[in-house]
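So you can see what is in the structure, the chains are spelled out below.
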2 protein chains.
Amino acid sequence: MLTLEDAASSQPHQRVADNPVVAIVGATGAVGVELLHCLEARGFPLSRLRLLASPRSAGKTMRFKGQDLTVEALDESSFDGVHIALFSAGSGISKRFAAAAVKAGAVVVDNSSAFRMDAEVPLVVPEVNAAAMAAHRGIIANPNCVAAIATVALAPLQARFRIRRLHAATYQAASGAGAAAMEELRESTAAYLRGDSFEPKVLPHPYAFNFFSHNADMDPESGYNGEELKVVAETRRIMGLPELPIGITCIRVPILRAHGMALTVEFEEPVTPEQARAAYEGAAGVKLVDDRARNYFPMPSDASGQDDVLVGRIRADLGDPSGRSIALFVVGDQLLKGAALNAVQIAEALLKR
Amino acid sequence: MLTLEDAASSQPHQRVADNPVVAIVGATGAVGVELLHCLEARGFPLSRLRLLASPRSAGKTMRFKGQDLTVEALDESSFDGVHIALFSAGSGISKRFAAAAVKAGAVVVDNSSAFRMDAEVPLVVPEVNAAAMAAHRGIIANPNCVAAIATVALAPLQARFRIRRLHAATYQAASGAGAAAMEELRESTAAYLRGDSFEPKVLPHPYAFNFFSHNADMDPESGYNGEELKVVAETRRIMGLPELPIGITCIRVPILRAHGMALTVEFEEPVTPEQARAAYEGAAGVKLVDDRARNYFPMPSDASGQDDVLVGRIRADLGDPSGRSIALFVVGDQLLKGAALNAVQIAEALLKR
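Predicted model only: the values in this text are computed from it and were never measured. (Residues numbered from 1 in each chain as written. Chains lettered and ligands numbered in written order. Predicted model: local features only at pLDDT ≥ 70, side-chain atom pairs only at ≥ 80, totals over all residues. Heavy atoms only, no water.)

(A) Quick peek at the UniProt feature "binding site: phosphate" (unreviewed entry) in chain A. All names here are of chain A. Taking the UniProt record as the reference, the feature "binding site: phosphate" (unreviewed entry) is found at R116. As for its placement among the helices and strands, R116 is situated in the loop between β6 (107-110) and α4 (126-129). Contact partners of R116, with chain neighbours within four places excluded, come to N111, L123, A141, N142, P143, N144, K230, E234 and R237. There is a polar contact of 2.9 Å between the side chain of R116 and the backbone oxygen of N111. (UniProt positions renumbered as here; feature names shortened; annotations may be inferred. Helix = DSSP H or I, 4+ residues; strand = E, 2+ residues; numbered from the N terminus. Contact = heavy atoms within 4.5 Å. Polar contact = N/O pair within 3.5 Å; in protein donor to acceptor, adjacent residues only side chain to side chain.)

Laid out in structure tokens, this is it:
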């Protein structure tokens, strides 16, 4: 197996070809399906799309631009002629195959956590830190879904004011745990409504009409789970605020595909809700949904299937009488801005470079 | 109609009778049903139970200790011979009928918001401020469900340390909006799973696999809704911390009957997670569910139907490097500690006085 260093040193860093050949690794997963949809919906100028997955999924077909494409089994020779490889098959697969893709001349956009904290791999949300892409050596990391959605919502504030502290409580959907978890939510809820028992197989707890602390592995020392620690580290890195104190609680709620988060943002100086709202004028990737008169704010039923991150409930934090803190409520599609859309946007930015 | 002042001045404040006659006002509602269950399950020493409700529900029967009790239509003469009246039919009914109950010699335990911020009416969570009951003039207010659950979780910390700031993000169940909202959650979810459309009738937004900012009326100036403002005011009052800064976001999640809350508590002095955990030893009304090794923490599937408030995820707040803040996650049954159980506990305390 090639090491990442071997691959990177042999990578010429040439400009990505016009009308590139694009491969999706993990094409049949929840994010893979959305990658394919995003490429088609956004008219991504590719010359060919290749679908790669485990041998178990090889031979299946998936619809793309009116044609049936056949899923191929992933191996180290899969990347011949590929210019952009969108990886979304877990960090084990990324660690095993990303170097082969880079060696073959592809730029890898990796949706797993494998390289996100690697100093030589840019971690990118295009609306926030597109410039970081320039330093890539063949791999660009796509962030954790909460970090991607949160930073899109925070960047317009950071551009105008200086954030000095963040607190977040999340309301996270099943999709973050994959298509099987979404199906388990549907099936277990149907069973509950029928009065039948249901044994969870994908998630560790009952999911029908239930919520629970995020199922990522717990760090027994700090009492934070892996999801929370990722959000902290990645949010700091994407925003270029390596010391930002971030308090966080990640909770899985019975929602299919959109993540919510209650954010409390403390700034160096007093900021009014009007100033905060004004910071979003013209901000990329954000839609304000903040209608106090109608009591209408961001919710998954509106955010699901939508590219924009919805931001609302912008108000002074009653917990900070100094006037330096703003509270907001944010909801974004976990499979789109939280995963597939952000990866395709990175690929689009590669073409522009 | 009697005013509350008239009624209170004519109220002799006598000791409540042994084996009192108890009335439930709003007996057929979600909380009313739980009041009846709590009185039976706890062996409340009553001589007679009377069930009062709207004329629409009069004549229905409800099972209590193996007997069918007939629901009577509520009117101003309903309280003759009643010693304790448990009101749970909305603040309009409480404002209209509480004075008549007091005039008739009953002590009213009121689950509505009608009198909660009245300086002459104690607002009581027995585990937190039972002593406040002594000053009652015929009416004792039962708090908002979030305030009741939160203060049970916070009181052991306040008893050992000094709380100087609180942030809360809630995960609130349908039951807070009544039995019809619980049914709407079930029905709309079943419709969603069948692929049918569903028009919300009780709540203002789709509820199937969806969450939304709490539907209480919004204060357009502050941007806080009525639920959030109640939690702030009542938490301060119950804890005797009238100036406590409390930042809060209340979100309705698709859960049937247990409320969750992510709390961040800032103290005057540094507090370690071990010290915070030790504060709960022997604390009334609280069960620690804080198993990092098994990644097992409070959730509605465990809290529903349970008297104790579940407290877990006790850890240092990563958002406060000074070491003065502790984060925790709390779940309690909205219909029990959030409503009926607390009211029955107040009634029990009346008997002991």
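(B) Molecular detail of the nonpolar core. F79 and L328 of chain A are the most contacted members of the largest nonpolar core, which totals 63 residues. The element that contributes the greatest number of residues to this core is helix α5 (residues 145-160) of chain A, accounting for nine residues. Residue-level mapping places this core at the junction of two domains, with at least three residues from each of domain 1 (4-114) and domain 2 (147-335) of chain A. Within the second largest apolar cluster, 62 residues are counted, among which are F87, L123, I139 and A276 of chain B. (Core = buried A, V, L, I, M, F, W, Y, C linked by side-chain atoms within 4.5 Å. Buried < 20%, exposed > 50% of the residue type's maximum accessible area, 1.4 Å probe, protein only. Domains from an automatic or database assignment.)

(C) Spatial organisation of the relation of the copies chain A and chain B. Rotating chain A by 180° about the axis while translating it 0.0 Å along that axis superimposes it on chain B, leaving an RMSD of 0.0 Å. Viewed as a symmetry operation, the transformation between the two copies matches a two-fold axis. (Least-squares fit on C-alpha atoms with pLDDT ≥ 70 in both.)

(D) Expanded view of the UniProt feature "active site" (unreviewed entry) in chain A. Per the UniProt record, the feature "active site" (unreviewed entry) sits at C145 and H259 of chain A. These annotated residues cover 115 residues of sequence, but their C-alpha atoms sit close together, with the largest distance between any two at 8.2 Å. Summarising the element assignment, C145 of chain A is placed in helix α5. On the basis of relative accessible area, C145 of chain A is assigned to the buried category, the value being 9%. Among all residues touching C145 of chain A, those that are not within four sequence positions of it are E227, H259, Q334 and G338 of chain A. As for its placement among the helices and strands, H259 of chain A is situated in strand β11 (residues 258-267). The contact partners of H259 of chain A, leaving out residues within four places of it in the chain, are C145, V146, I149, Y171, Q172, A173, V330, V331, G332 and Q334 of chain A together with F211 of chain B. From its side chain, H259 of chain A meets the backbone nitrogen of A173 of chain A in a polar contact 2.9 Å long.

(E) Up close: the domain arrangement of chain A. All names here are of chain A. Domain boundaries assigned for chain A yield domain 1 (4-114) and domain 2 (147-335). Spacing between the C-alpha centres of domain 1 and domain 2 amounts to 29 Å. Residue-level contacts link five residues of domain 1 with six residues of domain 2. Interface of domain 1 and domain 2: buried area, both sides summed, is about 450 Å²; carbon and sulfur atoms make up 59% of it. For domain 1, the biggest contributors to the area lost against domain 2 are A30, E34 and S113; these three give 72% of the whole. Applying the counting criterion to the domain 1 and domain 2 interface returns two salt bridges. A salt bridge links R257 to E34; its shortest N-O distance comes to 3.2 Å. Taken together, domain 1 and domain 2 are joined by two residue pairs in polar contact (both at pLDDT 80 or more). (Buried area = accessible area lost by both parts, 1.4 Å probe. Salt bridge = Lys/Arg side-chain N within 4 Å of Asp/Glu carboxyl O.)

(F) Spotlight on the packing of aromatic side chains. On inspection of all chains with the given rule, the structure shows 15 aromatic pairs over all chains. Judged by centre distance (5.5 Å) and plane angle (45°), the ring pair of F211 of chain A and Y171 of chain B falls under tilted. Separated into two different chains, F211 of chain A in the loop between α6 (179-194) and β9 (212-213) and Y171 of chain B in strand β8 (residues 163-172) make up a pair that spans both. Its relative accessible area of 0% is what places Y171 of chain B among the buried residues. In this arrangement the basic side chain of K201 of chain B is found over the ring face of F198 of chain B, its NZ or CZ atom lying 4.5 Å from the centre. One residue, R313 of chain B, lies across the ring of F297 of chain B, its end atom 5.4 Å from the ring centre. (Phe/Tyr/Trp six-rings, centres within 6.5 Å; stacked < 30°, edge-to-face > 60°. Lys NZ or Arg CZ within 6 Å of the ring centre and 35° of its normal.)

(G) Expanded view of the interface of chain A and chain B. At the interface, 67 residues of chain A touch 67 residues of chain B. Each partner contributes to the roughly 5,000 Å² buried at the junction of chain A and chain B, and carbon and sulfur atoms together form 62% of this total. Area buried by chain A at its contact with chain B is led by F209, F211 and L318 of chain A, which between them contribute 14% of it. At the boundary of chain A with chain B, the tally comes to two salt bridges. Between E228 of chain A and R313 of chain B there is a salt bridge, and its shortest N-O distance comes to 2.6 Å. Viewed at the interface, chain B and chain A are joined by 28 residue pairs in polar contact (both at pLDDT 80 or more). A class-by-class count of the residues in the side of chain A that touches chain B yields 37 nonpolar, 19 polar and eleven charged. (Nonpolar A, V, L, I, M, F, W, Y, C, P; charged D, E, K, R; others polar.)

(H) View of α6 of chain A. For α6 of chain A, spanning 16 residues, the distance from its first C-alpha to its last is 23 Å, which sits close to the expected 22 Å at 1.5 Å a residue. If you check which residues of α6 of chain A are buried, you get A181, M182, E184, L185, S188, T189 and A191 of chain A. At its buried positions, α6 of chain A is contacted by α6 (179-194) of chain B. Count one or two residues on from α6 of chain A and you reach G195 of chain A, which has phi positive near 85°. (Expected span 1.5 Å × (residues − 1).)

(I) Seen up close, the sheet that holds strand β2 (residues 48-53) of chain B. All names here are of chain B. Reading across from one edge, β3-β4-β2-β1-β5-β6-β7 is the order of the seven strands in this open sheet, with mixed pairing throughout. Sheet topology places β3 (61-64) and β7 (139-141) at the edges, where each strand pairs with a single neighbour. Ignoring strand direction, the axes of neighbouring strands in this sheet form an average angle of 25°. Pairing geometry for β3 and strand β4 (residues 67-73), over four bridges, is antiparallel. Pairing of T61 across the sheet is with T70, part of β4. Taken strand by strand, helix α2 (residues 30-41) contacts β1 (21-25), β2, β3 and β5 (84-87), and its axis lies near 25° from that of β3. Packing of helix α3 (residues 91-103) onto the sheet brings it into contact with β1, β5, β6 (107-110) and β7, and relative to β5 it is tilted by some 180°. (Pairing = 2+ DSSP bridges. Axes fitted to C-alpha atoms, helices over the stretch in contact; angles between N-to-C directions.)

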